[in-house]
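Chain by chain, the residues:
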Amino acid sequence: MSGFHQRVFSGMQPTSTLHLGNYLGALTNWVAMQDTHECIYCVVDMHAITMWQDPADLKRAIREVTAAYIAAGVDPKRSIIFNQSQVPGHAELAWVFNCVARLGWLNRMTQFKEKAGKDRENASVGLYAYPNLMAADILLYKATHVPVGEDQKQHLELTRDIAQKFNNDFGAQIAERGLGTGELGFFPLPEPMIQGPAPRVMSLRDGTKKMSKSDASDYSRINLTDDAEGIAQKIRKAKTDPEALPSEEKGLEGRPEAENLVGIYAGLSGSSKDAVLKQFGGGQFSGFKAALVDLAVEKLAPIAGEMRRLLADPKHIDDILGAGADRADAIAAPIMREVKDIVGFVRSR
């Protein structure tokens, strides 16, 4: 993305407690990226209300997700941490993109079909159009790189399509005002950021299903708020099979629960499944689970403890979000003013 300032943007919804899958799949990478990139990490509270949220619960969840970011190692002094609704440019640019994106593009978005289910007529307009808001989140900062999971790749492709169409539709105006970056246009076409083989963490009750915040059983996941005893209990109760652990990865085929626990150990220890199996292969799950309990408690219990400390002082969290919003808006507001000039709005400030 030569010509554009290299910048990373990512965010999570504050709809319920974050879990081990969020930690291994995203947060550990976010922490590492602080050493190599300028990073903006958002709590996407505007996305959360595409489905109804109790206002008191939403406020609590915004603070809890913020606490999880910080407790996991995202440093608010090195990275920008804020909640989306405090920066007005997100909503403003989303409306512009509502008018740039095509209906056919949104009709192809598979996540809307999955979330709306069969009763699509009762889904909110926000749920349908939120990929445009996601594009605005990224492009409001001219972010060049976005860490994405498998389920978000389609939305990043849409973001690139919107950026390209905006650059094409308003090419003359961009050039006339000298607001483009050469032939690249006004907005970058952000690239997906793959940070190595992040483990796909599955349910502790069913190794064929992804670990999810929405699963009815709390024993299906390890929440980042779980204390040491809660972590240990969930791992001990995790579903396994009667066979011993294999000594090589090929032996995990057709054994989703075994593969999941081995993957979790590998993710928490920073090693590979192959290395884990070399250490524990041939042994029974009882011994392996005991080792996994020790490792998970060592890695995760301090995060839960730090989250409890942070959440005991909500004003401190609010101050971090407010300061982050000021820093984010200092980047976003000038870009939004240029967008308004490009599309032809009249403004006095």
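Throughout what follows, the structure given in this document is the object of discussion. A quick note: this is a predicted structure, and the numbers were derived from the prediction, not measured.

The number of helices and strands found in the protein is 14 helices and five strands. Taken against the 2.2 N^0.38 rule, which gives 20 Å for 349 residues, the C-alpha radius of gyration of the protein at 22 Å falls within 12% of a compact globule. For the C-alpha atoms alone, the extent of the protein along its principal axes is close to 70 × 45 × 45 Å. Buried positions account for 48% of the 349 residues belonging to the protein. If you take every contact in the protein between residues at least 6 apart in sequence, the share linking residues at least 24 apart comes to 76%.

The next thing to look at is the pattern of salt bridges. In this structure the tally under the stated criterion is 18 salt bridges. For R78, the salt bridge goes to D35, with nearest N and O atoms at 2.5 Å. A residue pair is termed long-range when its members are at least 10 positions apart, and R78 in the loop between α3 (55-72) and β3 (80-83) and D35 in the loop between α1 (20-33) and β2 (38-43) qualify at 43 residues. The closest approach of N and O atoms between K234 and D226, which form a salt bridge, is 2.7 Å. The same class applies to K234 and to D226, which are both buried. Through salt bridges with shared partners, one network takes in D218, R221, D226 and K234.

On to the nonpolar core. Ranked by internal contacts, the top residues of the largest apolar core, which has 61 residues, are L20, Y23, Y69, L268, F288 and L300. Counting residues per element, this core draws most heavily on helix α13 (residues 285-311), which supplies eleven residues. The contacts of Y23, once residues within four sequence positions are left out, are T28, A72, L224, L268, L300 and I303. Ranked by size, the runner-up nonpolar core spans 50 residues in total, among them I80, A101, L127 and I335.

A full pass over the atoms with the stated rule returns 14 aromatic pairs. Between F9 and Y141, the ring centres sit 5.7 Å apart and the planes meet at 10°, which makes this aromatic pair stacked. Of the two residues, F9 sits in strand β1 (residues 7-12) while Y141 sits in the loop between α7 (125-139) and β4 (145-147), which places them 132 residues apart along the sequence. The same class applies to F9 and to Y141, which are both buried. Taken together, a centroid distance of 5.0 Å and an interplanar angle of 70° make the contact between W30 and Y69 edge-to-face.

Definitions and cut-offs
Residues numbered from 1 in each chain as written. Predicted model: local features only at pLDDT ≥ 70, side-chain atom pairs only at ≥ 80, totals over all residues. Heavy atoms only, no water. Helix = DSSP H or I, 4+ residues; strand = E, 2+ residues; numbered from the N terminus. Rg over C-alpha atoms; globule rule 2.2 N^0.38 Å. Buried < 20%, exposed > 50% of the residue type's maximum accessible area, 1.4 Å probe, protein only. Contact = heavy atoms within 4.5 Å. Salt bridge = Lys/Arg side-chain N within 4 Å of Asp/Glu carboxyl O. Core = buried A, V, L, I, M, F, W, Y, C linked by side-chain atoms within 4.5 Å. Phe/Tyr/Trp six-rings, centres within 6.5 Å; stacked < 30°, edge-to-face > 60°.

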